[in-house]
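As a plain string of letters, each chain reads:
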Amino acid sequence: MNPVLGRRPRILAATTAAAGLLLVAGCSSGGGGGKTTASGGVPLVKAGQLTTCTHLPYPPFQSEIDGTVQGFDVSLIDLVAKDLGVQQDIVDTPFENFKTGAFLNSEQCDLAAAGMTITPERAKNVDFSDPYFDATQAVLVDKKSGIGSFADLKGKKVGAQAQTTGEEYAKSKGLDPVSFESSDAVLNGLRTGQVQAVVIDYPVVQGWLKDKANADAFKVVDNLNTGEQYGFTVKKGNTKLVAAINKAIKDAKADGTYKKLYEKWIGPYDAAAASASPSAS
């Protein structure tokens with residue numbers, strides 16, 4: 001995802017999937033300094049809320065639906081907030097801040113949830129939760145393109161979301177992908193013929209193909225198992241919040257909540273998604 005320089009955090013609303021409550025998003029100025037705490041002594045940047053940084057849109061993990069931010073990530077972090085006895089508030093920020101931990105370090109957010117792949121490079125700047133989702137990269141093409149696999153992309157115009165692992169993977173294989181700011185922009189690039197194919201996370205493609213017009217025009221020709229796992233991030237050293245997130249993920253997998261949320265937002269449940277091993281962070 002491409003950082004938008006000078007862009008101010010956008011106040012949003014979020015829905016609580018588990019309880020159906022409407023949460024009004026807010027942005028802390030950092031004045032709380034992490035001095036307020038929730039259940040279990042978890043430090044928070046603002047009293048009474050778990051402030052989440054994200055970058056929109058990235059369905060099915062987080063996107064605005066009917067004026068509120070919803071998705072798989074949102075629903076999982078709602079579970080964390082519920083355990084802490086607070087509400088989740090969401091702030092839309094440039095994706096680059098998740099890689100550097102900028103908004104976490106400045107205490108404008110408690111955590112980041114953005115369908116972010118766990119990588120050693122990113123773990124230098126932030127602490128990751130245990131993985132909560134196994135991801136693959138899909139190659140989506142126009143049905144008229146004649147492209148039949150990833151191997152056919154050489155010499156073609158390929159699109160990817162800027163600063164994502166999909167873009168990095170394409171570059172690592174010798175491609176020079178066109179970078180788009182958001183997942184919506186990636187799809188629009190394919191739709192308008194700016195590119196002939198895109199490489200992006202498969203769950204995102206699944207969401208696109210639920211629309212008949214997209215399904216009629218495009219098809220998946222390859223699914224690349226890149227060994228990626230998503231994790232939530234917190235400020236370096238915030239062990240109590242990491243523990244709270246990990247507990248919520250573990251409990252959700254144990255009691256069936258994870259499966260229900262997966263089927264709601266992602267699609268048919270893949271048991272492998274619930275068996276991801278804990279990260280080393």
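One structure accompanies this document, and this report is about it. (Residues numbered from 1 in each chain as written. Predicted model: local features only at pLDDT ≥ 70, side-chain atom pairs only at ≥ 80, totals over all residues. Heavy atoms only, no water.)

With the rule as written, the count across this model stands at 1 disulfide. Cys-53 shares a disulfide with Cys-109; S-S distance 2.0 Å. One quick way to see it: the torsion about the S-S bond of Cys-53 and Cys-109 is about 70 degrees, and its sign makes the bridge right-handed. In this pair, Cys-53 sits in strand β6 (residues 49–54) while Cys-109 sits in the loop between α3 (102–105) and β10 (111–112), placing the two residues 56 residues apart along the sequence. For the pair shown, Cys-53 and Cys-109 are each scored as buried. (Disulfide = S-S within 2.5 Å. Helix = DSSP H or I, 4+ residues; strand = E, 2+ residues; numbered from the N terminus. Buried < 20%, exposed > 50% of the residue type's maximum accessible area, 1.4 Å probe, protein only.)

Here we take up the pattern of salt bridges. Evaluated as defined, the whole model comprises 5 salt bridges. One salt bridge in this structure joins Glu-107 and Lys-235, with 3.5 Å as the shortest N-O distance. Taken together, the residues Glu-107 in the loop between α3 and β10 and Lys-235 in strand β17 (residues 233–235) connect sequence positions 128 residues apart. Residue class for Lys-235 comes out partly exposed when judged on its relative accessible area of 29%. With its nearest N and O atoms 3.2 Å apart, the salt bridge here joins Asp-127 to Lys-236. Placement of the pair is Asp-127 in strand β11 (residues 126–128) and Lys-236 in the loop between β17 and α8 (239–255), with a sequence separation of 109 residues. Relative accessible area serves as the criterion here: at 14%, Asp-127 is assigned to the buried category. (Salt bridge = Lys/Arg side-chain N within 4 Å of Asp/Glu carboxyl O.)

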